[in-house]
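Each chain, written out:
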Amino acid sequence: MIERTLVLIKPDGIYRALIGKIIAQFEDAGLKVVALRIGRVDKEFAGKHYAEVIEWLENIGAKSKLAYKEKGIELKEENIEIGRRVRNQLLDYLANGPIVSMVLEGNHAIYIARKIIGVTEPRKADPSSIRGKYASDSYDLADARQRSTKNLVHASEDSESAKREIELWFTKNEIVSYKRSDEDIMYE
Ligand code: ADP
Ligand code: MG
């Protein structure tokens, strides 16, 4: 089941000179880079990438509340309010630094890329994942600094968002087609 997914290396990954190491994790797992760019985007473009979807905003709030609850702190804010605040911080962050964007292709690329990046909060991410191996940030530190969580990477969540995000970041002729030398071994 060959799929494509969109992966971003956020500004913290670039400032920390992790571009090569991050891409290597995906390549090592069999995913193929079929489009790649480094550049900057404005807040409007970042806002298109992280579109204002109510369920997603609620989910951000819920995840944040759960993390605080585990520390014995009860957040009073509504989930959606937390989501809106985090989204705004995230858009500011992305619009103020360099970003590497890429399309990865391979068997179950969407699921595999999500597995390789790890869960959203680096503090909780498995140490073998990108976020767990190269970062330690937490929701409470991000809140204290009034910024979004520095978790290095983004990867599309499902096939619908992968399609939408790939079309947002790349035109059809920026995506190339070629064969990896190990494809027959992996896929036959
Ligand atoms: P993921 O990137 O794992 O898919 P989400 O889609 O829920 O996570 O959130 C998008 C991004 O917003 C996260 O990668 C992270 O940078 C930031 N973020 C999410 N929740 C919080 C939070 N509670 N505090 C600060 N930043 C957050
Ligand atoms: Mg997401």
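Since this is a predicted model, take the numbers as computed values, not measurements.

Q: Give me the site of ligand 1: which residues, what numbers.
A: Around ligand 1 lies a shell of 17 residues, among which Lys-10, Trp-56, Arg-114, Thr-120 and Asn-151 are the nearest. In this structure, an oxygen atom belonging to ligand 1 sits 2.9 Å away from a side-chain N or O atom of Lys-10. Between ligand 1 and the protein, one listed contact pairs an oxygen atom with a side-chain N or O atom of Asn-151 at 2.7 Å. The fraction of the free accessible surface of ligand 1 (540 Å²) that becomes covered by protein chains is 99%. It is helix H4 (residues 54-70) that provides the largest number of residues to the shell around ligand 1, a total of four residues.

Q: Before we move on, can you summarise helix H6 (residues 109-117) with the specific residues and values?
A: Inspection of H6 places Ala-109, Ile-110, Ile-112, Ala-113, Ile-116 and Ile-117 among the buried residues, and these make up the whole buried set. For H6, the buried positions fall inside an angular range of 170 degrees around the axis, keeping them on one side. For H6, exposure combined with an orientation more than 90 degrees from the buried face picks out Tyr-111 and Lys-115. The inward-facing, buried residues of H6 abut strand S1 (2-9), helix H2 (19-28), strand S3 (99-107), helix H7 (130-134), strand S4 (153-155) and helix H9 (159-169). Directly beyond the C-terminal end of H6, a positive phi value near 90 degrees is found at Gly-118.

Q: Before we move on, could you go through a nonpolar patch on the surface and cite the residues and values that matter?
A: A cluster of nonpolar residues, Ile-2, Met-186 and Tyr-187, forms a patch on the protein surface that exposes about 270 Å² of accessible area. Looking at the element boundaries, Met-186 is found in helix H10 (residues 183-187).

Q: So what's going on with the environment of Lys-76? Residues and values would help.
A: Here Lys-76 is to be found in the loop between H4 and helix H5 (79-95). Given the relative accessible area of 76%, Lys-76 is considered exposed. Sequence separation between Lys-76 and Lys-65 is 11 residues, and the spatial gap between their C-alpha atoms is 8.9 Å.

Q: So what about the packing of H4 against H5? Which residues, and what values?
A: The angle between the axes and the distance between the axes are what describe a pair of packed helices. Their axes nearest at 7 Å, the elements H4 and H5 cross at an angle of 100 degrees. Considered as vectors, H4 and H5 are oriented roughly perpendicular to each other. For the pair formed by H4 and H5, the contact residues are Ile-54, Trp-56, Leu-57, Glu-58, Ile-60, Gly-61, Ala-62, Ser-64 and Lys-65 on the first element and Asn-79, Ile-80, Ile-82, Gly-83, Arg-84, Val-86, Arg-87 and Leu-90 on the second.

Q: So what's going on with the sheet that holds S4? Which residues, and what values?
A: The sheet built from four strands is open, its strands ordered S2-S3-S1-S4 with antiparallel pairing. A single partner strand is all that each edge strand has here, and the edge strands are strand S2 (32-39) and S4. Taking the axes of each pair of neighbouring strands and ignoring which way they run, one obtains an average angle of 15 degrees across the sheet. Relative to S4, S1 is paired through three bridges, and the arrangement is antiparallel. Residue pairing across strands places Leu-8 opposite His-154, the latter belonging to S4. In the packing of H6 onto the sheet, contacts are made with S1, S3 and S4, and the angle to S1 comes to roughly 35 degrees.

About the thresholds
- Residues numbered from 1 in each chain as written.
- Chains lettered and ligands numbered in written order.
- Predicted model: local features only at pLDDT ≥ 70, side-chain atom pairs only at ≥ 80, totals over all residues.
- Heavy atoms only, no water.
- Near = heavy atom within 4 Å.
- Polar contact = N/O pair within 3.5 Å; in protein donor to acceptor, adjacent residues only side chain to side chain.
- Areas by Shrake-Rupley, 256 points an atom, 1.4 Å probe, with all protein chains shown as cover.
- Helix = DSSP H or I, 4+ residues; strand = E, 2+ residues; numbered from the N terminus.
- Buried < 20%, exposed > 50% of the residue type's maximum accessible area, 1.4 Å probe, protein only.
- Arc of directions from axis to C-beta.
- Contact = heavy atoms within 4.5 Å.
- Patch = residues over 30% accessible without salt bridge, like charges linked within 9 Å, V, L, I, M, F, W, Y side chains within 5 Å.
- Salt bridge = Lys/Arg side-chain N within 4 Å of Asp/Glu carboxyl O.
- Axes fitted to C-alpha atoms, helices over the stretch in contact; angles between N-to-C directions.
- Parallel < 35°, antiparallel > 145°, perpendicular 65-115°, else oblique.
- Pairing = 2+ DSSP bridges.

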